[in-house]
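Structure at a glance
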Amino acid sequence: MIVVLRLGHRPKRDQRVTTHVALAARALGADEIWVSEQDAKLEQTIRSVVGRFGGSFRIKTGVEWRKAIRSWKGEVVHLTMYGESLSKALPKIKSRKLMVVVGAEKVPREVYELVDWNISIGNQPHSEVAALAIFLDRLKGGKKLERKVKGGRLAIVPNPRGKTVVDSEEGKGRAATRKG
Ligand code: SAM
């Protein structure tokens, strides 16, 4: 069970980045994303992707982050460029129930104290999307990326030249191929 906790989301400014945090979380095997600020539009966007592409990824917004971290029955990782290196920290993570915290702007100092692990994905500043993707991919040993996600209306078939999308509701599963 992996939950990503997104802190400091500003609905107007961070809509696109938080959407990408959620999509990366889903694609790389997290089960849920919790966002500290209420955002109905964000919820709708993510549920629509899950509806079309499948799986059981869930989103919750307006989550009180302090309470969420304190009451988590598992380990809590905070991704920050100031933390200990990923390669050193990864072998120490034992729990199968993991909360992964990522920030938007400055993360409150308290977060660094509340979590079990402050982990850096390199010590250069980059992005919460990149940090989360690398962390989840390393945590899962690269196994989640190419898995089949069940239950979606749309499935993409790898194609070296164009786009192959199978829509199970259109033409009863016939593949519609577009070359791009
Ligand atoms: N100065 C901010 C801070 O307090 O860490 C950086 C903000 S950065 C735009 C947004 C988020 O990206 C951070 O909160 C962190 O979760 C993630 N991030 C950026 N670079 C990172 C790195 N090198 N390692 C781990 N996480 C990183």
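Residue numbering note: each chain is counted from 1, following its sequence as written. pLDDT decides what is reported in this predicted model: residues at 70 or higher carry local features, side-chain atom pairs at 80 or more are listed and counted, and totals for whole chains, interfaces and linings draw on all residues regardless. Computation of side-chain values: all heavy atoms of the structure, hydrogens and water removed.

Section: the pattern of salt bridges
Proximity of charged atoms lets side chains of opposite charge pair with each other. Heads up, the condition is: Each reported salt bridge corresponds to a side-chain nitrogen of Lys or Arg within 4 Å of a carboxyl oxygen of Asp or Glu. Only DSSP runs of H or I with at least four residues qualify as helices, and only runs of E with at least two residues qualify as strands; both kinds are numbered from the N terminus onward. Exposure is judged per residue with a 1.4 Å probe applied to protein chains only, and the accessible area is read against the type maximum: over 50% gives exposed, under 20% gives buried, and values in between give partly exposed.
Scanning all chains against the criterion turns up 11 salt bridges. The salt bridge involving Arg-70 is made with Glu-110; its shortest N-O contact spans 3.5 Å. On the criterion of sequence distance, the pair formed by Arg-70 in helix H3 (residues 65-70) and Glu-110 in helix H5 (residues 109-114) is long-range, its members being 40 residues apart. Given the relative accessible area of 57%, Arg-70 is considered exposed. A salt bridge links Asp-167 to Arg-153; its shortest N-O distance comes to 2.7 Å. Here Asp-167, found in strand S8 (residues 163-167), pairs with Arg-153, found in the loop between helix H6 (128-139) and strand S7 (154-157); they are 14 residues apart in sequence, far enough to count as distant. The structure contains a network of salt bridges with shared partners spanning Arg-10, Asp-14 and Glu-105.

A word on the domain arrangement of the protein chain
Let me state the cut-off plainly: Segment limits for the domains were obtained from an automatic or database-derived domain assignment. By definition, the buried area sums, over both parts, the 1.4 Å-probe accessible area that each loses when the two are put together. Amino acid classes used here: Ala, Val, Leu, Ile, Met, Phe, Trp, Tyr, Cys and Pro are nonpolar; Asp, Glu, Lys and Arg are charged; the rest, including Gly, are polar.
Here the domain parsing of the protein chain yields domain 1 (2-149) and domain 2 (151-180). Each of domain 1 and domain 2 was reduced to a C-alpha centroid, and the two centroids are 29 Å apart. Here domain 1 packs against domain 2, burying approximately 410 Å² in sum over the two surfaces, 58% of which is carbon and sulfur. At the junction of domain 1 and domain 2, the tally comes to zero salt bridges. Tallied by class, the residues present in the side of domain 1 that touches domain 2 amount to two nonpolar, two polar and one charged.

A few points about the packing of helix H1 (residues 15-27) against H6
Test applied: Axes, fitted as lines to C-alpha atoms, cover a helix only where it is in contact. Angles between the N-to-C directions of the axes lie from 0 to 180 degrees. Working rule for angles: under 35 degrees goes down as roughly parallel, over 145 as roughly antiparallel, 65 to 115 as roughly perpendicular, anything else as oblique. Working rule for contacts: check all heavy atoms of both residues, and any pair within 4.5 Å makes them a contact.
Relative to each other, H1 and H6 sit at 5°, their axes nearing to 9 Å. With respect to each other, H1 and H6 are oriented roughly parallel. Only Glu-128, Val-129, Leu-132 and Leu-136 of H6 make contact with H1, whose side of the interface consists of Val-17, His-20, Val-21, Ala-24 and Ala-25. Classifying every residue of the contact of H1 with H6 gives seven nonpolar, one polar and one charged.

As for the pairing of strand S4 (residues 75-85)
What counts, and what does not: Think of it this way: DSSP has to see at least two bridges between two strands before they count as a pair.
Of the strand pairs in this sheet, S4 and strand S5 (residues 98-102) are connected by four bridges, and their pairing is parallel. Directly across from Val-76, in S5, lies its bridge partner Met-99. Inspection of the sheet shows S4 paired to strand S6 (residues 117-120) by five bridges, in the parallel sense. Counterpart to Ser-85 in the pairing with S6 is Ser-120.

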